[in-house]
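For reference, the chains in residue letters:
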Amino acid sequence: MEVTIEPSWKAVLKDEFEQDYFKELAEKVRLAYLSKTVYPPPKQVFNAFELCPFDKVKVVILGQDPYINPGQAMGLSFSVPDGVRPPPSLLNIYKEIKSDLGVDVSPSGNLERWAKQGVLLLNASLTVEAGLSNSHQNWGWQIFTDATIKKISEEKKHVVFMLWGAYAKSKASLIDFEKHLILKTAHPSPLSAHNGFFGSKHFSQANDYLKQTAQTPIDW
């Protein structure tokens, strides 16, 4: 099966595309798009990879699955298209950036500007049925995205992994902490942001680490 994904990622993940689980996943996703409303739009399923090639990855921000409401999901974790009101978790991310760095953040919830600087905005599942959170959770996407995290850990060095919430934190075991910086705290959701996300200073910590390792910091 021919997978349309950014060339550097296609090379790095080529073995995954040949696995039986991925072939079954691809067929399930294809049929789902034909019979139901599925997010994000088909051409944006691999948007995180498209906008942030493998050799450019400096930071990984892990989400769980795409937004389930119309017009929100765009293939980047936490991001929404221009003109769409930023959801509560993203507003809390912006509040923490303001508090941490003292900078005014763009009113747009479109995080393509981060992706193009080397921030891989990766959801654990890349598709979801409209209105049903985690509906594609057990389809095989997590095998694929776990493999993505492992490849970054194994083949790169000095990447910042931001793991927010219990689910994202569970992925720490995939990452070599001696080669990379792992930042863990509560999820930015209004339900949990006050349990550690606010005041975590992940954005300044990430930029300090990038500078220490001779990389360009992110303009958050």
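Residues numbered from 1 in each chain as written. Predicted model: local features only at pLDDT ≥ 70, side-chain atom pairs only at ≥ 80, totals over all residues. Heavy atoms only, no water.

1. Let's talk about the packing of aromatic side chains
- On inspection of all chains with the given rule, the structure shows 19 aromatic pairs.
- A ring pair is formed by Phe203 and Trp220, whose centres lie 4.9 Å apart and whose planes are at 75°; its orientation type is edge-to-face. Pair noted here: Phe203 is in helix α9 (residues 202-212) and Trp220 is in the segment after α9, with a separation of 17 residues, a long-range link. Across the pair, Trp220 and Phe203 agree in class, each one buried. (Phe/Tyr/Trp six-rings, centres within 6.5 Å; stacked < 30°, edge-to-face > 60°. Helix = DSSP H or I, 4+ residues; strand = E, 2+ residues; numbered from the N terminus. Buried < 20%, exposed > 50% of the residue type's maximum accessible area, 1.4 Å probe, protein only.)

2. Some details on the sheet that holds strand β5 (residues 160-164)
- Read from one edge of the open sheet, 4 strands run β3-β2-β5-β6, paired in parallel fashion. Each end of this open sheet is capped by a strand with a single partner; those strands are β3 (119-123) and β6 (181-185). Taking the axes of each pair of neighbouring strands and ignoring which way they run, one obtains an average angle of 20° across the sheet.
- Sheet strands in contact with helix α7 (residues 137-155) are β2 (59-63), β3 and β5, and its direction is about 155° off that of β3. (Pairing = 2+ DSSP bridges. Axes fitted to C-alpha atoms, helices over the stretch in contact; angles between N-to-C directions. Contact = heavy atoms within 4.5 Å.)

3. Here's the deal with the pairing of β5
- Counting buried positions along β5 yields 5 of 5 residues, so the element is predominantly enclosed.
- With 3 bridges connecting them, β2 and β5 associate as parallel partners. Note that in β5 the partner of Val60 across the bridge is Phe161.
- Direction of pairing for β5 relative to β6: parallel, over a ladder of 5 bridges. Directly across from Phe161, in β6, lies its bridge partner Ile182.

4. Here we look at the environment of Glu96
- Checked against the element boundaries, Glu96 lands in helix α5 (residues 88-101).
- Setting aside its immediate chain neighbours within four residues, Glu96 contacts Phe197, Phe198, Gly199, Ser200, Lys201 and Phe203.

5. Focus on unusual backbone geometry
- Along the chain, Tyr39 connects to Pro40 via a cis peptide bond; the corresponding omega equals -5°.
- Mapped onto the elements, Pro40 comes out in the loop between β1 (38-39) and α4 (47-51).
- Although it is not a glycine, Asn134 adopts a positive phi angle of roughly 60°.
- The topology assignment puts Asn134 in the loop between β4 (128-129) and α7.
- Since its relative accessible area comes to 30%, Asn134 is described here as partly exposed.

6. Quick word on the pattern of salt bridges
- Using the criterion set out here, one finds 6 salt bridges in the structure.
- Between Lys98 and Asp104 there is a salt bridge, with its nearest N and O atoms 2.7 Å apart.
- Residue Asp104 is classed as exposed on the basis of its relative accessible area, which comes to 66%.
- In this structure, the salt-bridge partner of Lys116 is Glu112, at a minimum N-O distance of 4.0 Å. (Salt bridge = Lys/Arg side-chain N within 4 Å of Asp/Glu carboxyl O.)

7. Comments concerning the side chain of Ser89
- The residue Ser89 is located in helix α5 in this model.
- By relative accessible area, Ser89 is classed as buried at 14%.
- Beyond its immediate sequence surroundings of up to four residues, Ser89 is in contact with Phe78, His187, Pro188, Ser189 and Pro190.

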